Amino acid sequence: MKIEIGTNQILKILYIISWIIFIGLCIEAGGIIFNAVLAQVVPPEKSQLLWKEIDLSHLRQFDKGYFLTQTVLISIVVVLKAIMFYLIVKILHDKKLNLVQPFNKEVGKFIANLSYLALGISLFSYWGAKNAMWISKQGVQMPSITDLRIGGADVWLFMCIVLYVIAQIFKKGIELQEENELTI
């Protein structure tokens with residue numbers, strides 16, 4: 001018995017998975033932002049009860065400015081990831097992936113935008129990780145880079161470069177396809 005899964009079924013599965021990841025990232029971003037704002041109002045001794053995922057209560061007690069900086073960096077990374085998955089959901093929902101003519105301007109723009117988002121995630125992850133390490137050296141107890149969800153800046157940079165190369169290939173493919181259509 002041979003089970004064959006076609007491209008359309010794979011795209012439907014990826015669409016569902018992308019929705020799940022997008023919703024999870026939105027919840028995470030909302031939780032971090034909401035709790036960072038709420039932490040400014042709640043007394044410091046109660047702030048560790050806010051966001052169970054990331055405990056920055058020691059940082060808040062040390063300095064509110066450093067706390068704000070770190071939470072903004074974490075928030076930017078999570079929001080950029082959510083935007084990335086929004087673009088993936090959007091292109092799959094709008095059915096802009098034309099498998100008959102894959103080289104179209106929408107897909108080329110989509111891949112280029114993913115590349116720019118990956119670069120942004122890489123830069124802010126790196127900045128957030130360096131900031132967290134610097135704060136740790138000041139004697140403040142900080143969660144790990146993995147717990148802060150800002151690790152892997154090098155992986156995001158690699159992804160950015162790969163996506164940018166693919167975007168350039170698509171750009172050339174679009175030009176060749178348009179030339180070919182004009183000659184026919």
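Just above sits the structure.
Residues numbered from 1 in each chain as written. Predicted model: local features only at pLDDT ≥ 70, side-chain atom pairs only at ≥ 80, totals over all residues. Heavy atoms only, no water.

I keep staring at the overall build of the protein and nothing clicks. Help me out?
Within the protein, the regular secondary structure consists of six helices and zero strands. Each helix (α) and strand (β) of the protein, taken in turn from the N terminus, gives the series α-α-α-α-α-α. The C-alpha radius of gyration computed for the protein amounts to 21 Å, which surpasses the reference 16 Å derived for 184 residues by more than 25%, pointing to a less compact arrangement than a globule. Along the longest, intermediate and shortest principal axes, the C-alpha atoms of the protein span 70 × 35 × 35 Å. Within the protein, the proportion of its 184 residues that are buried is 36%. (Helix = DSSP H or I, 4+ residues; strand = E, 2+ residues; numbered from the N terminus. Rg over C-alpha atoms; globule rule 2.2 N^0.38 Å. Buried < 20%, exposed > 50% of the residue type's maximum accessible area, 1.4 Å probe, protein only.)

Would you explain the pattern of salt bridges in this entry?
Side chains that differ in sign of charge can pair as their charged atoms come close. For the coordinates displayed, the defined rule picks out four salt bridges. A salt bridge links Asp 94 to Lys 90, with the nearest nitrogen and oxygen atoms 3.0 Å apart. Among the residues examined, Lys 90 registers a relative accessible area of 36% and is labelled partly exposed. Residues Glu 178 and Lys 105 are paired through a salt bridge, measuring 3.6 Å at the closest nitrogen-oxygen approach. Here Lys 105 lies in helix H4 (residues 105-137) and Glu 178 lies in helix H6 (residues 153-183), a separation of 73 residues in the sequence. (Salt bridge = Lys/Arg side-chain N within 4 Å of Asp/Glu carboxyl O.)

Looking at this model, I keep getting lost on the environment of Thr 71. Mind explaining?
Following the sequence through the fold, Thr 71 ends up in helix H3 (residues 64-93). Remark: the alpha-carbon pair of Thr 71 and Tyr 164, spanning 93 residues in sequence, is separated by 29 Å. When residues no more than four places from it in sequence are discounted, the contact partners of Thr 71 are Ile 32, Ala 36 and Leu 56. (Contact = heavy atoms within 4.5 Å.)

Where do I start with the nonpolar core in this structure?
The nonpolar side chains of a soluble globular protein tend to be buried with one another. Of all hydrophobic cores here, the largest spans 39 residues; its most connected members are Leu 56, Ile 74, Met 84, Met 142 and Leu 148. Those elements that place two or more of their residues in this core are helix H1 (7-39), H3, H4 and H6. At 12 residues, H3 tops the list of elements feeding residues into this core. Excluding its chain neighbours within four sequence positions, the residues that come into contact with Leu 148 are Ile 54, Leu 56, Gln 70, Ile 74, Ala 132, Met 142 and Pro 143. (Core = buried A, V, L, I, M, F, W, Y, C linked by side-chain atoms within 4.5 Å.)

Which parts of the structure should I look at to understand the packing of aromatic side chains?
Each aromatic ring pair is specified by the distance between its two centres and by the angle formed by the two planes. Using the criterion set out here, one finds six aromatic pairs in the structure. An angle of 70° between the planes, with centres 5.8 Å apart, marks the rings of Trp 19 and Phe 22 as edge-to-face. Placement of both Trp 19 and Phe 22 in helix H1 is noted, with a separation of three residues, approximately one turn of the helix. The exposure class of Trp 19 is partly exposed, given its relative accessible area of 34%. The buried category is assigned to Phe 22, whose relative accessible area is 15%. Relative to Tyr 86, the ring of Phe 22 has its centre 5.9 Å away and its plane inclined at 45°; by these criteria the two rings are tilted. Note that Phe 22 is positioned in helix H1 and Tyr 86 in helix H3, a separation of 64 residues in sequence. By way of ring pairs, the aromatic residues Trp 19, Phe 22 and Tyr 86 are connected into one cluster. (Phe/Tyr/Trp six-rings, centres within 6.5 Å; stacked < 30°, edge-to-face > 60°.)

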